[in-house]
Every structure is written in structure tokens, then in C-alpha cells.
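Chain and residue survey
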Amino acid sequence: MTFDSTSSGGRSRWRRRVLIPALAAIVLPGFTATAPPAAADTAGYHLYAHGFLSAGLAGYNATDSGQPTPIAGRPTPGALNWPQAATPDGRFLFAAPGSDPRLIPYAIGADGGLTPGTALPLPDVPVDIAFAPNGRDGYVLVGLHNARVVPVRIGADGTPVANGAPVPFGDAADGVASGTVSPDGRHLYVASLLLRQVLVFDIGADGSVSPVKQRVGTGLNPIYPRVSPDGRHVYVVNEISGSVSGYARAEDGTLTEIAGSPFPTGLLPHVSSMTPDGRFLYVPNMGSGHISSFAVQPDGVLIPLPDVDFAPGKHGTFAEATVLSPSGTTLWALGTDPLRGGEEILHRFRIGPDGVLDLDESVDSYTGTYVADGRTLSLAATR
């Protein structure tokens, strides 16, 4: 149940939420219920949005408070663009259009402006990009049917080069795959949509990728795996099942499904986010009007928190991609407004101490890009 506060004079409103007492004691090892909340980020960061059906990259300079301000210029990597990702150090943003398969690097300036570099041709349609924590090694997932991992090494100037031959998944039905790298940089996790599996790869010290070492069943249309910050658990969104599958991660990277998994979400869940302390998980729903929120228990079990509407009063406008600010107190979400021809809209949510989201109704930014399908929202910290 939620309770809203109202204000007059057109001022912004934070919608208040009810604390759930039963969740107050749920903390991960190393955290206590009395720990002070993280401070809001005042240094700022850059947000970048693109649309699957539009060529431009829309950038914003943002903080945890105040209005996001547009970044000058709008590079056009090309349309039919699912993937976009920034390196962990915030120096480079990469995009990979499907209409002309290549990995395009952009140097991120101090003002957030993007300068294109030398692109790397790709052997098939790109679906997702994942970077290792070291920022030097990246993995592009390509192929709608015969999927492969394309390992790349990122040069000091951002130029990507092939780091060995592409690694086939090993099954002709693999494809439309999305992935992530573990926090220790030792394993790549890939969700294979058609085969309904999450795949485990070892990553070598040189950034190379092993053949698939494990395949674990998921729900229908698994997408966008996420590893918890402590590396103990992996969560995979099941797009058609409307759920999240959770797995315990062993030292060797192999997975075992968590008791009670899968955990229900809304319709067509997509790109999730987890707070830096690993206590809360947020899942936007591309087919429902809300974001699903969960408290993460020490054993990896997800306990549902109250849902929050993505765009109250805008019927049919649903969120698809999310990112967390560096402070861990703010969630940004990108959605699609069908009443504006599929134009994307950017919203900001405050994360309460109990993990429940509050919509900041002062931020209602239309990006001029279209159809938020895929990893279409990225955050790069300022340097």
C-alpha cells in the first residue's frame, strides 16, 4: 500500500511510501539496520539513452537532485541498436548498431560530450555488450541464431581490437543473448533466450573466454543476467515468464538455483539494477506500468517490496531499462511513450532506507530517441 503527499503551486512532489516492518531486519553480512543511508551524489554523472529504432545518442549531465541537463551533440551510430555500455572507469561509451554490425567507441569528455573513435567490425548482429571490472576487456554477444562471444581488448584511447577468435556457444539454437561479467572478472554469464538457459564461461587472465562450462535452465526468454556486488548470487530476468530466476554462485562460477526461484515480476520484465550494497533489486516491466522491487536476503531469496508506477497518468508508458547512480540512492529508468510515437522518457526515483522507490515527479524528460528495447540506458561516472 502506498500513500502520496501532495503540494500546490506546481512544485515537485516526492511520493511517500510505507515502511514494511518485517523487512527492517533484513540485511546482508557486513551491513546493519542502523547504518546511515548513503549520501546523495553531488559530484554528478553522465546518462546516455538511445532507442532501438532511432540512430541518435541522447546525453544528460545529472545528479541525484536537480534537473538533468542535455549534453550538446547527438552522435548517430545507427538504428536497430540494442546494446550500449560505458566502461567502468567512465572514460568511454560503446554502441553497436545492428544495421551495420560494428563496435563504435566514443570518448567521454569532461562535459559529457562524445567523440567517436575507430570502430571494430563485428561478424554478426550485436545484441549486448559487457565489460570486465578492469575496463580493458569487453565481450560483445552477437548472432541471432548461431551466437558467439566476441572478446575485445580496449586500448588506452578507447579503440577496441579483437582479443582472439569469437567463441561459439556450441548450439545452433543459441542466440539473442545478453550477458554480464562477475565482479571478480573471472566469469561471463550469458542468458540464451531461445534455449531458456544461462551459460557460464571462464575468463582467463588475458581476457580470453573458455567454451561453455555449464548450462542452467531458466524461465521463458531469459535476458540480462546480473551478478550481486558481493559475487554470491546471479539473477536472470525471464521476459515471457514474468519472473526473475535466482542462483547461488560457487567459487568456480557454477550456479545452483535458489530455493523459491523464480520470483514473480510484472509483464515483460527487462534490464534490472541492484544497489551497490546488494540489498535491493529493481526490475522494470515493459508490459506493465510499474517497476518491481525486491529486498535481497543473505541467502539470495527475493522478497517483494511495493511496486511503484513508472509514469502515473500516462497510460501505456512502461519502463524498460534502469541504472543506479554511484551513491546507490537514486534509480534512473527509461521507458517508451506510445502516445508520442514511441519516444523515450527518462524518470528518476529516490530509494528509501527500506528500499521502496519514490517517483520524483519533477523529472519528466523526453529524449528524442525511440523505443526503449534493449540495454538502452547507460551511466558514466565523472572523472
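Overview of the structure. All figures in this text were calculated on a predicted structure; none of them were measured in a lab. (Residues numbered from 1 in each chain as written. Predicted model: local features only at pLDDT ≥ 70, side-chain atom pairs only at ≥ 80, totals over all residues. Heavy atoms only, no water.)

**Describing the side chain of S293**
- Mapping S293 onto the fold places it in strand β25 (residues 290-296).
- Excluding its chain neighbours within four sequence positions, the residues that come into contact with S293 are L281, Y282, I303, P304, L305, P306, D307 and L357. (Helix = DSSP H or I, 4+ residues; strand = E, 2+ residues; numbered from the N terminus. Contact = heavy atoms within 4.5 Å.)

**Observations regarding the sheet that holds β25**
- Taking strand neighbours across the sheet as the criterion, the 4 strands line up as β23-β24-β25-β26 in an open arrangement whose pairing is antiparallel. With one partner strand each, in any of the chains shown, β23 (273-274) and β26 (302-309) form the two edges of the open sheet.
- In the sheet, strand β24 (residues 280-284) pairs with β25 via 5 bridges, with the strands oriented antiparallel. Bridge pairing in β25 places P284 opposite I291. (Pairing = 2+ DSSP bridges.)

**With respect to the sheet that holds strand β3 (residues 69-70)**
- Read across the open sheet, the 4 strands follow the order β3-β2-β1-β31; overall the sheet is antiparallel. Among the strands making up the open sheet, the edge pair consists of β3 and β31 (377-381).
- Sheet analysis places strand β1 (residues 45-50) next to strand β2 (residues 57-62), joined by 6 bridges and oriented antiparallel. Across the sheet, the residue bridging to Y45 is A62, located in β2.

**Some remarks on the environment of L193**
- In this fold, L193 is placed in the loop between β15 (187-192) and β16 (197-202).
- Note: C-alpha distance between L193 and L144 (49 residues apart in sequence) is 9.7 Å.

**A short note on the environment of P312**
- Among the secondary structure elements, P312 is positioned in the loop between β26 and β27 (318-324).
- What makes P312 partly exposed here is its relative accessible area of 36%. (Buried < 20%, exposed > 50% of the residue type's maximum accessible area, 1.4 Å probe, protein only.)

**Comments concerning the nonpolar core**
- Grouped together as the largest cluster of nonpolar side chains are 31 residues, with contacts concentrated most on L47, Y235, L281, L302, W332 and L377.
- Look past the residues within four positions of L302 in its chain and what remains in contact with it is Y235, V244, F263, L281, F294, A295 and V296.
- Membership of the second largest hydrophobic core comes to 18 residues, among which are A333, I345, F349 and I351. (Core = buried A, V, L, I, M, F, W, Y, C linked by side-chain atoms within 4.5 Å.)

**Structural notes on the pairing of strand β17 (residues 214-217)**
- A one-sided burial pattern is seen for β17, the buried positions being Q214 and V216 and the unburied ones R215 and G217.
- With 4 bridges connecting them, β16 and β17 associate as antiparallel partners. Bridging from a neighbouring strand, Q197 pairs with G217 of β17.

**Topic: the layout of surface pockets**
- Roughly 1100 Å³ of volume is contained in the largest pocket.
- If you trace the largest pocket, you find 37 residues lining it, with A86, P88, F131, T180 and R226 closest to the centre.
- Broken down by secondary-structure element, the contributors of at least two residues to the lining of the largest pocket are β4 (84-86), β9 (126-131), β14 (177-181), β18 (222-227), β23, β27 and β31.
- For the lining of the largest pocket, the element with the most residues is β31, which contributes 5 residues.
- Its residues assigned to classes, the lining of the largest pocket shows 23 nonpolar, 12 polar and 2 charged. (1 Å grid on protein atoms, 1.4 Å probe; cavity = no way out; pocket = protein on both sides within 12 Å on 5 of 7 lines; lining within 4 Å. Points joined across faces, edges and corners; volume = space filled by probe spheres on them. Nonpolar A, V, L, I, M, F, W, Y, C, P; charged D, E, K, R; others polar.)

**Concerning the pattern of salt bridges**
- Taken as a whole, this structure holds 13 salt bridges when the rule is applied.
- Residue D184 pairs with R249 through a salt bridge whose shortest N-O separation is 3.1 Å. Here the residue D184 occupies a position in the loop between β14 and β15, and R249 occupies one in strand β20 (residues 243-249), the gap between them amounting to 65 residues.
- You can call D184 partly exposed: its relative accessible area is 40%.
- Judged by relative accessible area, which is 13%, R249 ranks as buried.
- Measuring nitrogen to oxygen at the nearest pair gives 3.8 Å for the salt bridge that ties D230 to R232. (Salt bridge = Lys/Arg side-chain N within 4 Å of Asp/Glu carboxyl O.)

**Focus: the packing of aromatic side chains**
- Counting across every chain of the model gives 4 aromatic pairs.
- Measuring from centroid to centroid gives 5.0 Å for F52 and W82, while their planes differ by 25 degrees, and the two rings are stacked. Residue F52 is found in the loop between β1 and β2, and its partner W82 is found in the loop between β3 and β4; the two are separated by 30 residues along the sequence.
- Since its relative accessible area comes to 18%, W82 is described here as buried. (Phe/Tyr/Trp six-rings, centres within 6.5 Å; stacked < 30°, edge-to-face > 60°.)

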